[in-house]
Amino acid sequence: MSTGSSDKSSDPPTPQSPGPDPVHDLPEEVLRAGWRRFWSKREKRWYFFNKMTGESLWEMPVVHKSPHNGVPGSDRVTDPLGISVPDTPTDVRSPPPFDLKRRRDSEASVTSLGSMSPSKKMKLEGPVYWNFEIPSNAIIFEHPPCTMPPVHPEAESYRAQLTNKLRSQYQELCQTREGIDAPRESFNRWILERKVTDRGNDPMLPTNCANEISASMYREIMSDIPVRGCRLRHPVEARKYVFKYAEAAKKMVESRNCSSDSRKIVKWSVEDIMQWLRRQNNATLEDYQERLTHLKTQCGPHLTEAAKSSVEGICQKIYHLSCESAKKIYDKHWEILKEHGIEEIQRKFEVHKRRVQCYQIHMVVSCPRLPSISYHVENNVGCLRFKGEVLSLNQNYLQKLEHLYRLHCRDDRPLENFLPRVWCLLRRYQTLFGSSPNEGTGLQGALPVPVFEALHKYFGVTFELFASPLNCYFRQYCSAFPDTDGYFGSRGPVLDFHPVSGSFEANPPFSEELLNAMAEHFERLLATSSEPLSFLVFIPEWREPPIPALLKMENSIFKRKTLVVPAYEHEYRSGLQHVCSGSDLYFKSVHGTLVLILQNEAGFAKWGPTDERVKGLLDAYRPQGNPSPSTSSEGRRDSVDGKNATESRSNSKDEKR
């Protein structure tokens with residue numbers, strides 16, 4: 001009898017009243033807030049579980065309106081089952097981005113990262129090209145919080161539409177006004193160059209520059225006039241190219257408003273080269289290159305003068321269109337946020353100038369509950385869908401982003417906004433890269449993992465100055481976009497970062513204006529700090545002619561040593577490592593790499609380039625064979641390489657020959 005009584009007592013009692021949900025027997029407003037009632041066999045009593053937040057209570061939850069945003073919330077009572085999470089507002093008007101239902105084995109391919117417990121150690125699938133266990137030694141002064149609006153998939157999708165339209169308009173202007181295609185990667189380098197001086201409020205598009213005419217865009221369009229340059233590898237193609245250039249130069253001066261002297265000089269030079277081409281049938285490649293160089297020397301200044309006003313007009317038009325697009329994005333973004341009762345913050349924040357350990361970006365504008373993002377896995381590739389637009393990345397990189405998010409994000413402990421913010425991050429960088437095949441890979445090239453390990457071991461490096469959440473090695477880094485990247489550990493753009501102590505790695509994307517600004521920034525930081533400060537800068541070995549930033553750093557009083565890693569004797573990882581296959585992960589560097597070590601006196605005393613340290617770094621740079629993606633210890637990152645920028649520089653040199 002006692003046993004039977006015990007068995008009966010373990011059964012849940014029959015509800016007294018059916019209520020709106022006979023199964024869970026709860027008021028309608030409680031059910032809408034996500035609460036359900038379950039019987040605890042262990043405690044032999046009812047408990048309440050919220051399927052949206054993962055919270056559990058013994059007592060009936062009290063649903064009320066939050067004074068901040070008007071969404072349903074609940075009072076925390078107790079959590080005897082140990083499955084409660086931090087209290088966060090819950091917007092019942094949209095479903096959560098993570099489906100917390102238990103799935104059948106057949107549905108295992110559709111996973112939910114948000115259902116993982118923050119306390120559980122993540123098991124990463126595939127190779128790992130980062131180390132987030134290394135603490136940063138960076139010391140900074142306190143800085144004001146970020147007042148940029150929080151990212152939203154609707155706004156980011158709109159930004160992508162307008163930016164892609166701007167790219168198309170740039171291509172159209174080049175074709176209609178100059179008869180050429182827009183130079184490859186020119187739009188990307190225009191963004192980099194403009195953001196050096198831009199003081200506008202858009203994180204990507206320039207809106208407030210002192211000079212409307214971009215030196216980078218002007219220079220690259222001019223280099224493709226009258227015809228686009230190419231690498232000449234054979235006498236036959238060299239002959240065709242010389243003929244094509246001569247015909248285009250003659251046609252250009254006949255159709256443009258230029259002086260009679262310029263027209264005569266160009267026509268005479270073209271006629272001279274045409275006669276030479278008729279006489280020479282067995283010329284060598286070097287002969288054609290020499291004649292082409294002479295022709296460009298004679299015609300170049302006159303062609304530049306003829307095209308100057310038109311090219312300047314292209315630069316101004318693109319800048320004005322960028323300002324209009326940024327204004328539309330700004331209005332759209334704040335329209336979305338104001339629908340949730342979020343207003344723009346106008347006041348300025350004052351901070352005390354005191355030294356602190358480097359800390360994450362603090363976003364002060366409230367973030368609403370973001371729209372749901374569907375997520376599924378196909379062949380170990382995670383696919384995130386928002387309104388029909390699918391963005392993908394390798395699953396181990398999605399797990400990497402989750403690791404960074406748990407380390408640095410403070411306003412979303414249940415990870416309710418994780419997938420929407422990942423979608424915004426991918427959308428932002430894809431917008432920056434462009435839509436052409438392999439476009440933008442030069443902005444995210446990768447140093448090998450052994451090199452990062454050597455940098456940390458021998459030079460105390462714990463921080464990257466040109467990186468992104470997708471390619472960072474350390475847990476702290478600087479990147480281009482504080483609004484999308486801040487949730488994943490970014491400390492903002494490098495030119496806005498002012499450390500007073502620490503050891504840093506810099507591998508910048510190739511933009512002459514950005515490199516010049518970086519060199520000046522490092523010089524100021526080293527001159528004003530008396531604490532240990534060190535920068536190891538990786539740039540391609542371009543000395544014909546040398547770039548101004550290289551000359552500035554080589555002549556700096558803070559330069560302690562310059563190392564050269566020969567061409568074809570070291571590798572980089574692809575800038576699209578988060579989506580590319582294993583066979584495309586690595587590429588040989590076709591140019592040598594310069595490593596410039598800049599340190600103040602205290603930094604030199606602590607991390608100076610001794611023979612042992614230099615040898616350890618150079619040894620780490622040697623290729624580790626041809627590793628497979630599943631076993632490689634190599635690879636990864638930083639924000640620039642040398643590949644596409646290298647190709648651009650090489651094309652320029654071939655044209656000059």
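Above this text you will find the structure in question.
Scoring rules and cut-offs
- Residues numbered from 1 in each chain as written.
- Predicted model: local features only at pLDDT ≥ 70, side-chain atom pairs only at ≥ 80, totals over all residues.
- Heavy atoms only, no water.
- Helix = DSSP H or I, 4+ residues; strand = E, 2+ residues; numbered from the N terminus.
- Contact = heavy atoms within 4.5 Å.
- Buried < 20%, exposed > 50% of the residue type's maximum accessible area, 1.4 Å probe, protein only.
- Pairing = 2+ DSSP bridges.
- Axes fitted to C-alpha atoms, helices over the stretch in contact; angles between N-to-C directions.
- Left-handed = near helix turned anticlockwise from the far one by under 90°.
- Nonpolar A, V, L, I, M, F, W, Y, C, P; charged D, E, K, R; others polar.
- Core = buried A, V, L, I, M, F, W, Y, C linked by side-chain atoms within 4.5 Å.
- Phe/Tyr/Trp six-rings, centres within 6.5 Å; stacked < 30°, edge-to-face > 60°.
- Expected span 1.5 Å × (residues − 1).
- Salt bridge = Lys/Arg side-chain N within 4 Å of Asp/Glu carboxyl O.

## Some thoughts on the overall build of the chain
Phase 1 of the analysis: A tally of regular secondary structure across the chain gives 17 helices and 17 strands.
Phase 2 of the analysis: Pairs at least 24 apart in sequence give 72% of the contacts found in the chain among residues at least 6 apart.

## Digging into the pairing of strand E12 (residues 499-506)
Phase 1 of the analysis: Among the eight residues of E12, eight are classified as buried, and the element is accordingly described as predominantly covered.
Phase 2 of the analysis: Of the pairings in the sheet, the one linking strand E6 (residues 139-141) to E12 comprises two bridges and is antiparallel in character. The residue bridging Ile 139 from the neighbouring strand is Ser 501, located in E12.
Phase 3 of the analysis: Where strand E11 (residues 463-464) lies against E12, two bridges are found, and the strand directions are parallel. Residue pairing in the sheet places Phe 463 in a bridge with Phe 504 of E12.

## A look at the packing of helix H9 (residues 395-408) against helix H10 (residues 418-433)
Phase 1 of the analysis: Interhelical geometry of H9 versus H10 gives an angle of 115° and a closest axis separation of 11 Å. Between H9 and H10 the crossing geometry is right-handed. Judged by residue contacts, Leu 398, Leu 401, Glu 402 and Tyr 405 of H9 engage Phe 418, Arg 421, Val 422 and Leu 425 from H10.
Phase 2 of the analysis: Of the residues contributing to the contact of H9 with H10, the split by class is six nonpolar, no polar and two charged.

## Some details on the environment of Ser 530
Phase 1 of the analysis: Topologically, Ser 530 is positioned in the loop between helix H13 (512-528) and strand E13 (533-540).
Phase 2 of the analysis: C-alpha separation for the pair Ser 530 and Gly 603, spaced 73 residues apart in sequence, amounts to 8.9 Å.
Phase 3 of the analysis: Setting aside its immediate chain neighbours within four residues, Ser 530 contacts Asn 600 and Ala 602.

## Some remarks on the nonpolar core
Phase 1 of the analysis: Formed by 117 residues in total, the largest nonpolar core has its most connected members in Tyr 170, Ile 221, Leu 384, Phe 418, Phe 488 and Leu 617.
Phase 2 of the analysis: Sequence-distant contacts of Leu 617, that is, excluding residues within four places in its chain, are made with Val 451, Ala 454, Leu 455, Tyr 458, Phe 459, Leu 536, Leu 563 and Val 595.
Phase 3 of the analysis: Phe 463, Leu 533, Phe 535 and Met 553 belong to the second-largest nonpolar core, a separate cluster that totals 34 residues.

## Side note on unusual backbone geometry
Phase 1 of the analysis: The peptide bond linking Ile 225 to Pro 226 adopts the cis configuration, its omega dihedral lying at 5°.
Phase 2 of the analysis: Counting through the fold element by element, Pro 226 comes out in the loop between helix H5 (215-223) and helix H6 (235-255).
Phase 3 of the analysis: In the Ramachandran plot, Lys 387 falls in the positive-phi region, its phi being about 50° despite a non-glycine side chain.
Phase 4 of the analysis: Along the chain, Lys 387 turns up in the loop between strand E9 (381-386) and strand E10 (389-394).
Phase 5 of the analysis: Note on Lys 387: relative accessible area 64%, which makes it exposed.

## A word on the pairing of E10
Phase 1 of the analysis: Of the strand pairs in this sheet, E9 and E10 are connected by six bridges, and their pairing is antiparallel. Note on E10: the bridge partner recorded for Cys 383 is Ser 392.
Phase 2 of the analysis: Hairpin connection between E9 and E10: a loop of two residues separates the two successive antiparallel strands, and Lys 387 in this loop has a positive phi of roughly 50°.

## Some thoughts on the packing of aromatic side chains
Phase 1 of the analysis: As enumerated under the stated definition, the model contains 24 aromatic pairs in all.
Phase 2 of the analysis: Consider the rings of Phe 463 and Phe 497, whose centres lie 4.9 Å apart with planes at 15°: the pair is stacked. With Phe 463 in strand E11 and Phe 497 in the loop between helix H12 (482-485) and E12, the pair connects residues that are 34 residues apart, well separated along the chain. Of the two residues, Phe 463 and Phe 497, neither departs from the other in class, the shared state being buried.
Phase 3 of the analysis: Grouping aromatic residues by their ring pairs yields a cluster made of Phe 463, Phe 497, Phe 504, Phe 522 and Phe 535.

## Describing the environment of Trp 46
Phase 1 of the analysis: Checked against the element boundaries, Trp 46 lands in strand E2 (residues 45-50).
Phase 2 of the analysis: Sequence separation between Trp 46 and Met 60 is 14 residues, and the spatial gap between their C-alpha atoms is 9.5 Å.

## Examining the sheet that holds E10
Phase 1 of the analysis: Strand order in this open sheet of three strands is E8-E9-E10, and the pairing throughout is antiparallel. Bordering the open sheet on either side are strand E8 (374-378) and E10, each of which pairs with just one other strand. Between one strand axis and the next, the sheet turns through 25° on average, direction left out of account.
Phase 2 of the analysis: In this structure, E8 lies alongside E9, joined through five bridges in antiparallel fashion. Directly across from His 376, in E9, lies its bridge partner Cys 383.
Phase 3 of the analysis: Set on the sheet, H10 makes contact with E8, E9 and E10; between it and E10 the angle comes to about 90°.

## What about helix H4 (residues 186-197)?
For an α-helix the count is 3.6 residues per turn, leaving residues at separations of three or four pointing the same way.
Phase 1 of the analysis: With twelve residues, H4 should cover 16 Å at 1.5 Å per step; its first-to-last C-alpha distance of 18 Å lies within 8% of that length.
Phase 2 of the analysis: Most of H4 sits out of view: ten of its twelve residues are buried.
Phase 3 of the analysis: Considered for burial, the residues of H4 that qualify are Ser 186, Phe 187, Asn 188, Arg 189, Trp 190, Ile 191, Leu 192, Glu 193, Arg 194 and Val 196.

## Comments concerning the side chain of Ser 511
Phase 1 of the analysis: Tracing the backbone through its elements, the reader meets Ser 511 in the loop between E12 and H13.
Phase 2 of the analysis: Non-local contacts of Ser 511, meaning those with residues more than four positions away in its chain, are made with Arg 189, Leu 192 and Glu 193.

## Points about the sheet that holds strand E1 (residues 35-40)
Phase 1 of the analysis: If you trace the three strands from one edge of the open sheet to the other, you get E1-E2-E3, paired in antiparallel fashion. Each having just a single partner strand, E1 and strand E3 (56-57) make up the two edges of the open sheet.
Phase 2 of the analysis: As judged from the six bridges shared by E1 and E2, these two strands associate in the antiparallel manner. The residue of E2 that forms the bridge with Arg 37 is Phe 48.

## Observations regarding the pattern of salt bridges
Phase 1 of the analysis: Taken as a whole, this structure holds 25 salt bridges when the rule is applied.
Phase 2 of the analysis: With a closest N to O distance of 2.8 Å, Asp 202 and Arg 159 form a salt bridge. Remark: Arg 159 occurs in helix H3 (residues 153-178) and Asp 202 occurs in the loop between H4 and H5; sequence separation between them is 43 residues.
Phase 3 of the analysis: Owing to a relative accessible area of 2%, Arg 159 belongs among the buried residues under this scheme.
Phase 4 of the analysis: Across the pair Glu 541 and Arg 543 runs a salt bridge whose closest N-O atoms are separated by 3.8 Å.
Phase 5 of the analysis: Overall, Arg 543 belongs to the partly exposed group, its relative accessible area being 34%.
Phase 6 of the analysis: Taken together, the shared-partner salt bridges connect Glu 156, Arg 159, Asp 202, Arg 428 and Asp 483 into one network.

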